[in-house]
There are 4 protein chains.
Amino acid sequence: MAEIGAQNDPIVGAHHKNNVKYQRDIDQFVNVIKGALQPISVPPADSYMSTLAPAAWSGPHGSKLLIPGYNPNQVPETNLRSSAVTRTVGGMATHWTCSSPKPHEEERVLNPIPAAELDQLLDRAADLLKVKTDQYDTSIRHRLVKKTLQDALGPDRGVDSLPLGVTRNTGNPEFVTWTATDTIFDKWSSDPRFTLLTESRVTELHADPSNTEAIGGALIRDLKSTNDDIYVKAKVYIVACGAVCTPQLLWNSNIRPDALGRYLTEQSLSFCQIVLTKKLVESIYNNPEFKEQVDEHLRKHPNDPLPIPYKDPEPQVLIPYKSATPWHVQVHRDAFSYGDVGPKADPRVVVDLRFFGKGEIVKENRVTFGENDAQDIYGMPQATFYVTRTADDADRDQRMMQDMTTVANVLGGFLPGSYPQFMEPGLALHITGTTRIGNDPATSVADANSRVHGFQNLFVGGNGCIPDATACNPTRTSMAIALKGAAAVLEVLKSKKA
Amino acid sequence: MAEIGAQNDPIVGAHHKNNVKYQRDIDQFVNVIKGALQPISVPPADSYMSTLAPAAWSGPHGSKLLIPGYNPNQVPETNLRSSAVTRTVGGMATHWTCSSPKPHEEERVLNPIPAAELDQLLDRAADLLKVKTDQYDTSIRHRLVKKTLQDALGPDRGVDSLPLGVTRNTGNPEFVTWTATDTIFDKWSSDPRFTLLTESRVTELHADPSNTEAIGGALIRDLKSTNDDIYVKAKVYIVACGAVCTPQLLWNSNIRPDALGRYLTEQSLSFCQIVLTKKLVESIYNNPEFKEQVDEHLRKHPNDPLPIPYKDPEPQVLIPYKSATPWHVQVHRDAFSYGDVGPKADPRVVVDLRFFGKGEIVKENRVTFGENDAQDIYGMPQATFYVTRTADDADRDQRMMQDMTTVANVLGGFLPGSYPQFMEPGLALHITGTTRIGNDPATSVADANSRVHGFQNLFVGGNGCIPDATACNPTRTSMAIALKGAAAVLEVLKSKKA
Amino acid sequence: MAEIGAQNDPIVGAHHKNNVKYQRDIDQFVNVIKGALQPISVPPADSYMSTLAPAAWSGPHGSKLLIPGYNPNQVPETNLRSSAVTRTVGGMATHWTCSSPKPHEEERVLNPIPAAELDQLLDRAADLLKVKTDQYDTSIRHRLVKKTLQDALGPDRGVDSLPLGVTRNTGNPEFVTWTATDTIFDKWSSDPRFTLLTESRVTELHADPSNTEAIGGALIRDLKSTNDDIYVKAKVYIVACGAVCTPQLLWNSNIRPDALGRYLTEQSLSFCQIVLTKKLVESIYNNPEFKEQVDEHLRKHPNDPLPIPYKDPEPQVLIPYKSATPWHVQVHRDAFSYGDVGPKADPRVVVDLRFFGKGEIVKENRVTFGENDAQDIYGMPQATFYVTRTADDADRDQRMMQDMTTVANVLGGFLPGSYPQFMEPGLALHITGTTRIGNDPATSVADANSRVHGFQNLFVGGNGCIPDATACNPTRTSMAIALKGAAAVLEVLKSKKA
Amino acid sequence: MAEIGAQNDPIVGAHHKNNVKYQRDIDQFVNVIKGALQPISVPPADSYMSTLAPAAWSGPHGSKLLIPGYNPNQVPETNLRSSAVTRTVGGMATHWTCSSPKPHEEERVLNPIPAAELDQLLDRAADLLKVKTDQYDTSIRHRLVKKTLQDALGPDRGVDSLPLGVTRNTGNPEFVTWTATDTIFDKWSSDPRFTLLTESRVTELHADPSNTEAIGGALIRDLKSTNDDIYVKAKVYIVACGAVCTPQLLWNSNIRPDALGRYLTEQSLSFCQIVLTKKLVESIYNNPEFKEQVDEHLRKHPNDPLPIPYKDPEPQVLIPYKSATPWHVQVHRDAFSYGDVGPKADPRVVVDLRFFGKGEIVKENRVTFGENDAQDIYGMPQATFYVTRTADDADRDQRMMQDMTTVANVLGGFLPGSYPQFMEPGLALHITGTTRIGNDPATSVADANSRVHGFQNLFVGGNGCIPDATACNPTRTSMAIALKGAAAVLEVLKSKKA
Ligand SMILES: [Mn+2]
Ligand SMILES: [Mn+2]
Ligand SMILES: [Mn+2]
Ligand SMILES: [Mn+2]
Ligand SMILES: [Mn+2]
Ligand SMILES: [Mn+2]
Ligand SMILES: [Mn+2]
Ligand SMILES: [Mn+2]
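Thresholds applied
- Residues numbered from 1 in each chain as written.
- Chains lettered and ligands numbered in written order.
- Predicted model: local features only at pLDDT ≥ 70, side-chain atom pairs only at ≥ 80, totals over all residues.
- Heavy atoms only, no water.
- UniProt positions renumbered as here; feature names shortened; annotations may be inferred.
- Helix = DSSP H or I, 4+ residues; strand = E, 2+ residues; numbered from the N terminus.
- Rg over C-alpha atoms; globule rule 2.2 N^0.38 Å.
- Buried < 20%, exposed > 50% of the residue type's maximum accessible area, 1.4 Å probe, protein only.
- Areas by Shrake-Rupley, 256 points an atom, 1.4 Å probe, with all protein chains shown as cover.
- Lys, Arg positive; Asp, Glu negative; His and termini not counted.
- Charge placed at Lys NZ, Arg CZ, Asp CG, Glu CD.
- Expected span 1.5 Å × (residues − 1).
- Contact = heavy atoms within 4.5 Å.
- Pairing = 2+ DSSP bridges.
- Least-squares fit on C-alpha atoms with pLDDT ≥ 70 in both.
- Phe/Tyr/Trp six-rings, centres within 6.5 Å; stacked < 30°, edge-to-face > 60°.
- Lys NZ or Arg CZ within 6 Å of the ring centre and 35° of its normal.

As annotated in an unreviewed UniProt entry, chain A is Pyranose 2-oxidase from Serendipita vermifera MAFF 305830. Recorded in UniProt under Sequence similarities (unreviewed entry), the annotation for chain A is "Belongs to the GMC oxidoreductase family." For the record of chain A, the UniProt heading Catalytic activity (unreviewed entry) holds the text "D-glucose + O2 = 2-dehydro-D-glucose + H2O2".

Put into structure tokens, the structure is as follows:
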């Protein structure tokens, strides 16, 4: 396995949020995430500074800063400005939220995998991801928020605990272990058959000269050793570099089916934070369900004006996608804290609302590569986005915003600075479709087995494989697809051995 | 060895800045540093928000937020507000700047180690740190900035290349390897005699019941397993947790000599960024020294308005401490980028100026622990600062600021947003004196061998051992002290064995 | 007449918004308003600056800045932080919005004036204020917004044009004339019986030594001439200095009935700005009602992407107070532009929403004067607020916020930076109750004739006289009360003459 | 006389800063200035907002906001971004700083008026402006700052009191009266020969059909009455609308000599604010010169930590232009407070430094009108700037910045937020040269009598007439020029009468 990023944990692929340090101070973790995410396509800014000293150097009039890291081909209006790539062993799983709801049927209508089979695969994925819904049941806030929303919104909305890939520690239940590649592939790194190349760029795949339907080798560069290019030959090649870098590598390998990078969907994301109402906070005192925990806390901290233990786990509540309200909702507390809670609000009364909205599937919504020979800072063809939301998307987003303000006002008042707002396009980091699977090579990149159309031994993995418009978190779905793909890979390996 | 933080790299103690990712994008590394540094003492803020919804919960009138992580005993005016602790295997060395100048004689007058011996130890430390001054000599900007300052300031100021613990890679000279614990202790982690406990808090040291002049054991807690306290017995105990957590552990072990936490010094830090003048930038074109590099760059990038290769290493220039100008100066580009270069200025024409100023040694400048039983978020006695700058410090700082603006105006114009300013107290992260070495137990914590006065087998390490007022980076000095201490530790071990 | 402020217009009391300059650029007028409003009670801030040069002077540790203009007695939590006083001839009317709806019956239940009489007085006030609802009927945006809201909210909400004290110019209908004291008292300044003292502070009223139920004179100081105190004797004394300075003068005159400054109500204010939806904007093209105006505009400006003439007057829409939705709503565009439209949004598609909420009448909600001998910068006893919102207020505000987000989402998307938020307490500038009229001297300051209880010749005027909790703009109501008071004043004058 | 702005004071042309309100709270006056200044040339911004709701209207991709008030022809790099016009009766004099130093000889080398005559005219101007240097001699801070700078900088720099057009009131010496048109033209508004048209735009001047060397009439429009154009005939026409609107009116009248709008100079402006050093503040206590004032203050306010009376007038110190330091310096406190003193610093220890730098005279530095038929919001041809600083300007600015930081560090520490910085181009509001006087019609617009070349009865006035590069405030110089021009006007009137 080759990974362009470094290994940033002694345990291959472990979740960084497992650190005591970040579990005690989730806001510190925001910096880790910021350090991990590299933006994909940044249009150059105007570089004129009106108050710079006249003696200082400045670029020609009207010029933009054309330095590595900026994409001169990117139009701001069609950019996914907050879209980013994680380059590290373990990928997104090193800082992933681990939210893993089962997608609604409307979120899997285009999938070429038969519905019953897909359903089973989704269940297997949940098992592998260690998805549970009861790990926050000891939390006062979790139960309070869940119950309040269930009462206010009624049973049709299906308010429930958020399915999470997480396991509460038995030794010290203050801490949890988040699912990541290490918890899935238990002992992989010590398996003698496994070799991990880090800080190694897979530049391109080469066709097998003797078989145009097969890949014959991969050109891999150890980035710190200019001349150490390696030509690696394998029986099977799996490209799973995320929804943007996977098509980027295919494109650079001259594998450019019409659907590559197209039918791209990204979810809209609306966000706000609220401070719980006095009424809800005060209802905790008299709730027999909470009595024991509250009493113990107040005995230890009699001057605390809040009846909530300092280590009360955060709420983790789901409002699932429904046909009438086709968006996915997380009511929780997350390190992706766009607003700044700062020291003004007691973090125990702050709740985040995140609403994820679908995007219609449109062929012209796409990512392109290498326009005008532009390269990214890793020397690969620069990705450029052409993504807009349709009129139907806009209507749905408007309804979603209205729903969010309604749900928020049930719980509390907007936290100043975290008012209800749409986030930058791309921030959901839920791009799909760029290497979508399907039966028709004209509108898909790979088949139901994730095998690239026209190749025997080339497979793709990741959210780019998802052919549907989704609102919920895509990881569980792309893992379901990958499980079927893995079986196909095994078949190839067996056949090659034979 | 026990470390309260996690191991965040497969190589024990490696420098995170070695990652390709951060060497290609130094501004991304700022987030890593932010994620690594935990503030020591944060006074609670007023929590009243005038625009919060009236229905939302808020604290009692006049209340401050008294939640874990805030220190109600801290007075803002005497705080080292930006002082922070790194909790990770390898400590500060995982993100240290590696600047390692030899301290001026005035910066080592109080050190109890004989002058000639100390001088040798400082040289040995430089060897171990792999300190060099020629690793940026290929850089156009480095040579330009150095020569410009040498010409403008004259020979008395001693402008030179900054001594850095760094080695340029031979495979790909675009990248360097920064010195850290891994490059010093080559194979330590695989030595079978070495055991590393991570996320393990050393709570306290216990006196040996049979010998009041010896430590008999240490209470260590694996943080993720509440009940797994360990009582560890050793021949020698070395406490090296940084200048604040080292005295914290002694204090919690009831080892509280009068000097503990006192005579604290911290350097003042003034900062600005400039954009090089047009004149200096244009002088590059005609400089025969740069001709080959410039020509090659312009051949590849004929439209680039700057004659500086995109991968030209940054400047790394020193203006050393002198009696007449008693401050340490770095003219360079660093990830500790307080201002925001942003996309407005071409990073190749931006230069940082950092001036570090001495602080007089004053007994009352100190850190205390556990006032009013307050604890930090790791359950240790909360540190509180009582540090102010003296009238002489203030005068010297004023002269230093004037010197910085003069040096800056030689090079260019202030970058808007990075104007000449003093940084928050504590930001230098160069606290010394809190466990200072000395011959007099009344005014020091340990002897010239770093052995805590009154104990046979208890040693301290780190910047806290430095008994002097310094302006330059303290690491090399504290390593020199530690080398002598290590010899003494060996003596103890030998005697115990015998 | 004495006024503490200067005369800032050649026409006594004219509305500054009448200037061509501000009608062409309403955002410029924001600065005029800011320059006119002087905050009433500003608690001193912490004055510690952590990055100030150590050599610079700073106050003692823990000190607050106790300089004139700050009120050391003010608790932030009970402050009306944005409450301000206008000191100028013409008062608030020089920059007033001129919104003058008729108050709902629930907004006038405590008024001692008989209901039928009050109703007539409110109509007379509207006549004097030149209140109209048809002055924006030529506006495309006005009609579009009004119709859209009428359709979406249904007839029960009573969406209509906002009643405004304004007259569109006949010479050039681009401009309007806003109602102010000049349009009400036509020729007052040239009436030889009228004397206007400006920049003259009325310090106190003196009791008539021969009649404890009468005022005998007023001490007035020309502020620019220290020694020119004047003792003015009159038949009748009318104090109408706004809801805070009116009780301030009474208090300083030792007239301190129990109700003085008490029963204070202020409205809550929620605010957001939206950008109209594409759908609504595009509906303009095909609307026959707008066709002529749109065609003419597009003929002149064929490249304008908007079908709205540049000088299309802004929308001025009302959603009136109803029992089920007890708040007053203005959907319009105003110079009180708290968010910053800036140059990013075409101002023609931006609409403001302002929702004004009632405050329950509570005796303890009050303004006090001269605590600890504090003075304001005019040398009068410093006003201090003790105002909080009740639980019922908070609930109602929460419902109002929910209503505002719903109304906003009907029209468009939130303008970034002008998200739905509560404004600072006091910003409505609609304080009432501080000199409330009533039949019971125990709970009011003046009688139904606005005559201060216990005095024959002392009258009060202004919003402080209103005894009710209101949501709509108070000017029309306080003018209705004043009209009755004026009749009583005439009676006194006649009797004195006789 | 016709003025496009309104009359904003009952006294024609009075200085708004005379108001008690602003003399008591100078920071409030900033808003008045902001409300008075209308920017001249604002390039349209990119209008894309990445977080706007997808349903909201937005312009076409890549579009700029082309709405009235923005100038699509303006290139940001050559703009005088902060240049602004005051449209009000009295013009800039209603908020002018009144700083009126005598220009250095190097600031008047190109003036066609003979040197001795010009010198006398400058003295007459000072008389009319009531310029004095002793009105702040009672101020402790003024004397402290002046003496400190005199001692530190030596006699060559000529540190002295700033010559100001101001008179301290005799009635109440807390207040002053600032010079403005009202103090110069005592009774003008009541002179029956004087007619003032306000909010009246002079659109164009018409040539006299019978005499091509004379103006025959002016077309004037009362802005609020579309159809009320007036054709005004006069014996003499004087255009004095400021350095931009004067050439604008000539251009619109088809009077377009080659020099019109060219040879434009504007001063650079560097700025910072400092907090006085503790040392300087403490020196006040023991200074016998201040003893009486300090004792009285501390008797009244024993808890004040500062020995400075609350009403101590601000410092008003000049460092004049010298050949070796060719810039004009004001060390004072002004309402043009770009930084925000805010409530953090006691305003009594804050001092402003403003350094004004010359700009070389360059023909191509210019303002043009009506490019691509663009109009400003008053319907006049839109002004567009083409102004850059030369290499010599840049060098001089760099030296000036270095001088400012040196002077600042003598007095105190930089106030956080008001660090040493260059202000936006145009902020000095000291544009000259656009209608410069001179003997050569090829390089000037008017002759030494301010009479437009080629016309008998057309005169120009204002800073645009100044033909030199200046650093000091231009008003006194343009008044000197105007005095000579006025004599010439009288000659014409006499001749016409005869
Ligand atoms: Mn990866
Ligand atoms: Mn996700
Ligand atoms: Mn450590
Ligand atoms: Mn350091
Ligand atoms: Mn008034
Ligand atoms: Mn109002
Ligand atoms: Mn004017
Ligand atoms: Mn000026």
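On we go.
Some words on the overall build of chain A
Each helix and strand counted, chain A has ten helices and 19 strands in total. Expected size for 498 residues packed as a compact globule is a radius of gyration near 23 Å; at 24 Å, chain A falls within 12% of this value. Its C-alpha atoms give chain A principal-axis dimensions of roughly 75 × 70 × 45 Å. Going through the 498 residues of chain A one by one, you find that 60% of them count as buried. With an accessible surface of roughly 18,900 Å², chain A has 52% of that area assigned to carbon and sulfur atoms. Separation of charge centres in chain A, based on 51 positive and 58 negative side chains, amounts to 3 Å.

As for helix H10 (residues 475-497) of chain C
Residue and element names in this part refer to chain C. End to end, H10 covers 32 Å across 23 residues, agreeing with the expected 33 Å (1.5 Å per residue, within 8%). Those residues of H10 not exposed but buried are Arg476, Thr477, Ser478, Met479, Ala480, Ile481, Leu483, Lys484, Gly485, Ala488, Val489 and Val492. Turning to H10, the residues buried within the fold contact helix H3 (115-128), strand S3 (131-132), helix H5 (181-184), strand S10 (237-239) and strand S19 (458-460).

Side note on the sheet that holds strand S3 (residues 131-132) of chain D
Residue and element names in this part refer to chain D. Ordered in space as S3-S5-S6, the three strands form an open sheet in which the pairing is antiparallel. Of all the strands in the sheet, the pair left with one neighbour each is S3 and strand S6 (176-178). Across two bridges, S3 lies against strand S5 (residues 164-168) in antiparallel orientation. Across the sheet, residue valine 131 finds its bridge partner in S5, namely glycine 165.

Observations concerning the environment of serine 189 of chain C
Mapped onto the secondary structure, serine 189 of chain C falls in the loop between H5 and strand S7 (200-208). What serine 189 of chain C contacts, discounting residues up to four positions off in sequence, is Val12 and Phe194 of chain C.

Quick notes on the relation of the copies chain B and chain A
Each copy superposes on the other: chain B lies on chain A with an RMSD of 0.0 Å after a rotation of 180 degrees and an axial shift of 0.0 Å. Those values place the two copies in the arrangement expected of a two-fold rotation axis. Residue proline 10 of chain B of chain B places its C-alpha closer to the rotation axis than any other residue of that unit, at 1.9 Å. Both copies contact each other with a shared surface, as 100% of the interface residues of chain B are interface residues in chain A too.

Digging into the packing of aromatic side chains
Scanning the entire structure with this criterion turns up eight aromatic pairs over all chains. Between the NZ or CZ atom of lysine 17 of chain C and the centre of the ring of tryptophan 178 of chain C, over which it lies, the distance is 4.1 Å. Here the basic side chain of arginine 366 of chain D rests over the ring of tyrosine 386 of chain D, its NZ or CZ set 4.4 Å away from the ring centre.

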